[in-house]
Amino acid sequence: MSENRKMSQLEKKARDWLKDRGVDITDIAELVYYLQSRYHESLTMDDCIYNVEKVLTKREVQNAILTGIQLDVFAEKNQLEEPLQSTIGMDEGLYGVDEIIALSIVNVYGSIGFTNYGYIDKQKPGILKKLNDKSTGECHTFLDDIVGAIAAAASSRLAHSAVGEESAEDDE
Ligand code: MG
């Protein structure tokens, strides 16, 4: 990524909030490696980090991060109204809006992201396992899906670029 690229306030905030909630870029890159290493022999962590960084420059991704984390934080502080407080606070399985917000990220690089997202959501490796630990008193109902979705989108981007496609959407 260009060092000179001007980062918007929105992007900076989204990155800061991810970090504040315990998610580093390398945590997400490790998920990308988990998903993609079997398909790309010479895949490095730097490749994975590069593609995660690209996903994080997308405005729809930044908006999903801020929206999801804001709701998680309110739930953690007991500041939502019922019945939403209980639903999000307990990460109720039938709620589903957390997955819908995540899908806006998965879609950024086309439909192959869906498969990766579904797979990683079932396996819950690395940081996803940590975010799903309900014994901590923290609420990551939205964040776990968002992090999985960023990894899935970065995997799609990587797969497209591996076959020589330029991701034109990146040049907006
Ligand atoms: Mg969730």
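What comes next is a walk through the structure. (Residues numbered from 1 in each chain as written. Predicted model: local features only at pLDDT ≥ 70, side-chain atom pairs only at ≥ 80, totals over all residues.)

Description of the overall build of the protein chain
Right, on to step 1. Looking only at helices and strands, one finds nine helices and zero strands in the protein chain.
Right, on to step 2. Taken from the N to the C terminus, the helices and strands of the protein chain come in the order α-α-α-α-α-α-α-α-α.
Right, on to step 3. With the C-alpha coordinates of the protein chain rotated into their principal frame, the extents come out at 50 × 35 × 25 Å.
Right, on to step 4. With 172 residues in all, the protein chain has 37% of them scored as buried.
Right, on to step 5. The contacts of the protein chain with a sequence gap of at least 6 include a subset with a gap of at least 24, amounting to 77%. (Helix = DSSP H or I, 4+ residues; strand = E, 2+ residues; numbered from the N terminus. Buried ≥ 20, exposed ≤ 12 C-beta atoms within 10 Å, placed from the backbone. Contact = placed C-beta atoms within 7 Å.)

Focus: the environment of asparagine 63
Right, on to step 1. Summarising the element assignment, asparagine 63 is placed in helix α4 (residues 59-76).
Right, on to step 2. Linking asparagine 63 and glycine 110, residues 47 residues apart in sequence, is a C-alpha distance of 18 Å.

Here's the deal with helix α9 (residues 143-162)
Right, on to step 1. Helix length check: α9 (20 residues) gives 28 Å between terminal C-alpha atoms against 28 Å at 1.5 Å per residue, within 8%.
Right, on to step 2. In terms of burial, α9 is largely enclosed, as 17 of its 20 residues are buried.
Right, on to step 3. Looking one or two residues beyond α9, the residue adopting positive phi is glycine 164, at roughly 85 degrees. (Expected span 1.5 Å × (residues − 1).)

Observations regarding unusual backbone geometry
One can expect most non-glycine residues to show negative phi and most peptide bonds to be in trans.
Right, on to step 1. Look at the link from glutamate 82 to proline 83: it is a cis peptide, with omega at 10 degrees.
Right, on to step 2. Locating proline 83 in the fold gives a position in the loop between α4 and α5 (84-89).
Right, on to step 3. We note that asparagine 78 has phi near 60 degrees; this positive angle belongs to a residue other than glycine.
Right, on to step 4. Residue position: asparagine 78 is located in the loop between α4 and α5.
Right, on to step 5. Positive phi values are uncommon outside glycine, yet lysine 124 reaches one of about 45 degrees.
Right, on to step 6. Summarising the element assignment, lysine 124 is placed in the loop between α7 (112-123) and α8 (127-131).

As for the packing of helix α3 (residues 45-55) against α9
Right, on to step 1. Two elements in contact, α3 and α9, have axes separated by 8 Å at closest approach and are oriented at 110 degrees. On the basis of the axis angle, α3 is roughly perpendicular to α9. Classified by chirality, the crossing of α9 by α3 is right-handed. Residues Asp47, Cys48, Asn51, Val52, Lys54 and Val55 of α3 form the contact with α9, whose own contacting residues are Ile150, Ala153, Ala154, Arg157 and Leu158. (Axes fitted to C-alpha atoms, helices over the stretch in contact; angles between N-to-C directions. Parallel < 35°, antiparallel > 145°, perpendicular 65-115°, else oblique. Left-handed = near helix turned anticlockwise from the far one by under 90°.)

Some details on helix α2 (residues 25-36)
Right, on to step 1. Counted at 1.5 Å a residue, the expected span for α2 with its twelve residues is 16 Å, and the 16 Å between its end C-alpha atoms agrees.
Right, on to step 2. Looking only at α2, the buried set comprises Ile28, Ala29, Leu31, Val32, Tyr33, Leu35 and Gln36.
Right, on to step 3. Where α2 is buried, its residues contact α3, α7, α8 and α9.

Nothing here speaks to function; it is geometry throughout.
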